[in-house]
Amino acid sequence: MKVYFDNAATTPMDPEVVEAMIPFMKEHFGNPSSIHSFGRQTRAAIENARKTVARFLHVSPGEIFFTSGGTESNNMAIQCAVRDLGVDTIITSPIEHHAVLHTIEVLVEEGKVRVKMLRLDPKGFIDLAHLEELLKEGGKILVSLMHANNEIGNLLPLKKVSELCSKFEAFFHTDTVQTMGHYTFNLNEVPVDFLSCAAHKFHGPKGVGFIYINSRIKVHPFIHGGSQERNMRGGTENLTGIIGLAKAMEVAYGHLNEHQAHVQELKSYMILKLKEQIPGVNFNGDPEGSSLYTVLNVQLPSTPNAEMLIFNLDIAGVACSGGSACTSGSNVGSHVLRGIHSDMNRPSIRFSFSKFNTRDEVDYVVEKLRKSLGVPVESR
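To start, this report covers the structure provided alongside it. (Residues numbered from 1 in each chain as written. Predicted model: local features only at pLDDT ≥ 70, side-chain atom pairs only at ≥ 80, totals over all residues. Heavy atoms only, no water.)

## A closer look at the pattern of salt bridges
Cut-off, in case you're wondering: A side-chain nitrogen of Lys or Arg and a carboxyl oxygen of Asp or Glu constitute a salt bridge if their distance falls within 4 Å. The numbering of helices and of strands both runs from the N terminus, where a helix is a DSSP run of H or I of at least 4 residues and a strand a run of E of at least 2. Using a 1.4 Å probe on the protein chains alone, a residue whose accessible area is under 20% of its type maximum counts as buried, one over 50% counts as exposed, and one in between counts as partly exposed.
Under the counting rule described, the total for this entry stands at 22 salt bridges. For Lys 167, the salt bridge is made with Glu 132, and the minimal N-O distance between the two is 3.0 Å. With Lys 167 in helix 7 (residues 158–167) and Glu 132 in helix 6 (residues 128–136), the pair connects residues that are 35 residues apart, well separated along the chain. Judged by its relative accessible area of 55%, Lys 167 is exposed. Residue Glu 132 is classed as partly exposed on the basis of its relative accessible area, which comes to 22%. One salt bridge in this structure joins Lys 371 and Glu 367, with 4.0 Å as the shortest N-O distance. Highlighted residues: Lys 371 and Glu 367, both in helix 13 (residues 359–373), separated by four residues, approximately one helical turn. Residue Lys 371 is classed as exposed on the basis of its relative accessible area, which comes to 52%. The partly exposed category is assigned to Glu 367, whose relative accessible area is 23%. Within the structure, one salt-bridge network assembled from shared partners comprises Arg 43, Glu 47, Arg 50, Glu 229 and Glu 237.

## Section: the packing of aromatic side chains
To describe a pair of aromatic rings, one takes the distance between the centres and the angle between the planes. Quick reminder of the rule: Geometry of aromatic contacts follows a simple scheme: Phe, Tyr and Trp rings, the Trp one being its six-membered ring, pair when their centres are within 6.5 Å, and the pair is stacked under 30 degrees between planes, edge-to-face over 60, tilted otherwise. Two limits define a charge over a ring: the Lys NZ or Arg CZ must be within 6 Å of the ring centre, and within 35 degrees of the ring normal.
The final tally for this structure, using the stated rule, is five aromatic pairs. On the basis of an interplanar angle of 85 degrees and a centroid distance of 6.4 Å, the ring pair of Phe 5 and Phe 351 is categorised as edge-to-face. Taken together, the positions of Phe 5 in the loop between strand 1 (3–4) and helix 1 (15–21) and Phe 351 in strand 12 (residues 348–352) put the pair 346 residues apart, joining distant regions of the chain. Comparing Phe 5 with Phe 351 shows no difference in burial state: the two are buried. Connected via pairs of aromatic rings, a cluster forms that spans Phe 5, Phe 351 and Phe 353. Stacked on the ring of Phe 56, the Lys or Arg Arg 55 has its end atom at 4.9 Å from the ring centre. If you follow Arg 359 out to its NZ or CZ, it ends over the ring of Tyr 269, 3.8 Å from the centre.

## A word on the sheet that holds strand 7 (residues 194–198)
Adjacent strands of a sheet form backbone hydrogen bonds with each other and so pair up, either parallel or antiparallel. Rule in force here: Only strands joined by at least two bridges in the DSSP assignment are considered to pair. In this analysis, axes come from line fits to C-alpha atoms, helices being fitted only over the stretch in contact, and the angle between any two N-to-C directions falls in the range 0 to 180 degrees.
Strand order in this open sheet of seven strands is 2-8-7-6-5-3-4, and the pairing throughout is mixed. Edge positions in the sheet fall to strand 2 (64–67) and strand 4 (114–117), since each has one partner strand and no second. Taken pair by pair, the neighbouring strands of this sheet meet at an average axis angle of 20 degrees, ignoring direction. In this sheet, strand 5 (residues 141–146) lies alongside strand 3 (residues 89–92) in parallel orientation, the contact comprising three bridges. Looking across to strand 5, one finds that Ile 91 is bridged to Val 143.

## Focus: the nonpolar core
Short version of the rule: As used in this record, nonpolar core signifies buried Ala, Val, Leu, Ile, Met, Phe, Trp, Tyr and Cys residues forming a set joined through side-chain atoms within 4.5 Å.
Ranked by internal contacts, the top residues of the largest apolar core, which has 86 residues, are Val 143, Met 180, Phe 210, Met 270, Leu 274, Phe 351 and Leu 369. Considering every element that reaches this core, the biggest residue donor is helix 9 (residues 239–254), with eight residues. Grouped together as the second largest cluster of nonpolar side chains are 22 residues, Phe 65, Ile 78, Phe 171 and Ile 217 included.

## Observations regarding the sheet that holds strand 9 (residues 282–284)
Rules: By definition, residues are in contact when any of their heavy atoms lie within 4.5 Å.
Taken in spatial order, the three strands make up an open sheet running 9-10-12, and their pairing is antiparallel. The open sheet has two edge strands, strand 9 and strand 12, and neither has a second partner. For this sheet the average axis-to-axis angle between neighbouring strands, irrespective of direction, equals 35 degrees. As defined by bridge partners, strand 9 adjoins strand 10 (residues 295–299) across three bridges and the pair is classed as antiparallel. Each residue of the ladder has a partner; that of Asn 282, found in strand 10, is Gln 299. Along the sheet, helix 10 (residues 256–277) contacts strand 9, strand 10 and strand 12; its crossing angle with strand 10, the most-contacted strand, is approximately 15 degrees.

Dropping the structure here:
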């Protein structure tokens, strides 16, 4: 049996998305910047995709810019805020994605900005009172916080943070890479200045995403060399990717309630089965509280073969993660788990689910995990 429980790293493409992309690989191949009919046709398709994205966010199509994905979008938001908006202070948290933290580190090293880190509670939620304290200190501030953590699933109280940023006239950037296509967004009701997205986290293609930039924000081009994306990002557009992104959003929001219910049930079921079958199991974050329903970070009992758990599960046909896929090749451990003071002597595994997963797969994975840990049947 093969089980894919690493959907926070990437999701399989939806068949409807693949079908929508195929014509733009075969018949509709014109360069969107060309003025002939081939180009006009693909230009129209891109602008229709932009309108689709904008409709789901309740914003203007002119506020949506297509990018190569979440990392580029995060870089664009942060670097443009510092370069073009006079931001001299960034408020963030120690458990943000490295696309945010490493970008900020470079800007700090270059002397362009100072950074203030928010306090976290033991479950990994930001301290809103501390955020308000830091905002009161003044400066030209950018607050950069992800909507849901990619490793432990904690959800940000987006509306409260938006209100605080508005109160103190700070810019607000949120990374929604893990939540776009999984939750609804109305940026008229919960305003932000920048928002980042990647299509491959909600059954779209890899290598494409978008950044939302509030129309009140005026920034200069991030990539030079062409007039694409209304002079904001030079380079021929990823036509098939953009078509796939828009279709993935249509599919996701067309069936959102049923997918939420299905995936949440799988997560709750796995929590129950793990508690039943593995003594001493614990969970990082707040999986039964304000948590992304697609992610479950499991802290397991100490075991001599802890370092082999992911490998053994892989041999058993189970795909999962010890942390973010973006850093899985490193040996420094998860900065997120260190940031919430998790017991780093105990192994932790991130399981993440999608609409394509089943209860039978949960049963299979829990059984393989129990065997890998050496938990005898009678201890269940």
